[in-house]
Amino acid sequence: MAKTTKPLSDIAIKNAKPKDRDYKIADSGSLYILIKANGSKLWRMKIKVNGKENTLSFGSYPLISLAAARQARDEAKRELANGNNPALKKSQQKRLAALDINNSFESIAYEWWNLNKARWVERHAADVIGSLQRCIFPHIGKVIITNIDTPLLLGVLQKTEKTGAIETTHRIRQRIEAVFNYAISKGIAQTNPATVLKGALKPIIKKRQQPAITNLDDLQQMINIVTDRPARPLSKLAFRLLALLGTRSGEFRQMRWDQIEGDVWTIPAEQMKMKQEYKLQNKRNHRVFLSKQALEILELIRPLSGNCLYVFPNSKDAFSYMSENTIGKLINTAGFKGQHTPHGFRTSLSTIMNERYPQDRAVIDLMLAHINPNAVEAAYNRSQHEARRRELYQIWADILCDGLNDPADIINQLRRQ
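Attention in this report is confined to the structure presented alongside it. (Residues numbered from 1 in each chain as written. Predicted model: local features only at pLDDT ≥ 70, side-chain atom pairs only at ≥ 80, totals over all residues. Heavy atoms only, no water.)

### So, helix α14 (residues 326–336)
Within α14, burial applies to I327, G328, L330, I331, A334 and F336. Buried residues of α14 fall within an arc of 155° about the axis and therefore sit on the same side. In this structure, the buried residues of α14 make contact with α9 (216–228), α10 (233–245) and α11 (249–253). Positive phi appears at G338, one or two residues downstream of α14, with a value of about 85°. (Buried < 20%, exposed > 50% of the residue type's maximum accessible area, 1.4 Å probe, protein only. Helix = DSSP H or I, 4+ residues; strand = E, 2+ residues; numbered from the N terminus. Arc of directions from axis to C-beta. Contact = heavy atoms within 4.5 Å.)

As structure tokens, then:
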């Protein structure tokens, strides 16, 4: 075995690459690490008992850290000095492995997650641990947390980054940073290698604002053109209703008949596509008040989908809801691609109503389920202004429908075909 002039370091071990044959790198006190041709790195120690040479095995790196391997070496030397054979201590490696496994990244991450999951909504809690299970644990889950440095962490995160999931990569980095902060607070770690990685990852490209028609006359003209074109009646009625409600497209497409009671559509909190901070501030369902015109459209829809769970069932699967592309395709094929989107109805409603009723800005924000940027105010001011919201929904419907064709014509077109 080749001699070295200085003890091993974690960097030297991490940089050791496999070769065609197994080879050894010495530490001190007869301890060495065996680099296998398959890439495994195994701790070994040569000892002599009664004149016979033996080899002790202390496990694999990085599951067994350099410090832990040296501890095992020193313990073996003490056994030899006392006249004992450390090779006969079969439980030694198990105890050593257990010592380090408790400080593995995966173990610490689960501790952190269990401590925090109660303050998160169930879906977010599942997403947090699920992202670590999929993208991090398979690579460094068993590694002792103090053996994880910035380059190692960057390499793991870049595996997710290469799939194109840039936002997910940044969220995972934040979660890893939180795990290390937890480990530091417990005295297990001293530094946080995830903190400096934000600038080393591909930046999140902010989505451009989705196009929207905000002039009332142009908006009405666009709606009439779209609904006059040949298409499935249910799709066109969905298009008309979305214009009246101004909800997010994903929430709208999941509308269920059992969520509608009288003139109120209640969207469950877990169905809302909102930032996590908002969910924590406002753990309540979102109520959408249905104008007379909205209720009329729903009555036109009922014969088409009233026997289904969803108001807008998928054309290919009655047990699922409408595809996210359906309404957008109506707009695009009518010649308004790049001018308006399904999400654009939210901008249309907000712009036109705020211009006419600037004093109701906060109420209009509530209609659209916008996030209150002031977390303190959101925590204490829980007024929902439901009476005024109901009035504003009706005012919006009256303004918008004043220049629109009768939605019943969509059903009449079907009957004439």
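On we go from here.
### Describing the sheet that holds strand β3 (residues 41–49)
The strand order across the open sheet formed by four strands is β1-β2-β3-β4, and the pairing between neighbours is antiparallel. The open sheet is flanked by β1 (23–26) and β4 (52–60), the only strands paired with a single partner. Taken over all neighbouring pairs, the strand axes of this sheet differ in orientation by 35° on average, direction set aside. Lying over the sheet, helix α2 (residues 66–81) contacts β2 (31–35), β3 and β4, oriented at roughly 10° with respect to β3. (Pairing = 2+ DSSP bridges. Axes fitted to C-alpha atoms, helices over the stretch in contact; angles between N-to-C directions.)

### A look at the nonpolar core
Counting residues in each nonpolar core, the largest one holds 57 residues, and the members touching the most others are M255 and F312. In terms of residues, this core owes the most to one element, α10, which gives nine residues. Leave out the neighbours within four places in its chain, and M255 touches L241, L245, I260, W265, Q271, L298, Y310, V311 and F312. One finds A109, L132, L153 and I176 within the second-largest nonpolar core, a separate group that totals 30 residues. (Core = buried A, V, L, I, M, F, W, Y, C linked by side-chain atoms within 4.5 Å.)

### Overview of the pattern of salt bridges
With the rule as written, the count across this model stands at 18 salt bridges. Across the pair R256 and D258 runs a salt bridge whose closest N-O atoms are separated by 2.6 Å. You can call R256 partly exposed: its relative accessible area is 26%. The shortest N-O distance in the salt bridge between E386 and R287 comes to 3.0 Å. Of this pair, E386 sits in helix α18 (residues 386–401) while R287 sits in strand β7 (residues 286–289), placing them 99 residues apart in sequence. (Salt bridge = Lys/Arg side-chain N within 4 Å of Asp/Glu carboxyl O.)

### Looking at the environment of G29
Mapping G29 onto the fold places it in the loop between β1 and β2. Setting aside chain neighbours within four positions, we find G29 in contact with M45, R73 and K77.

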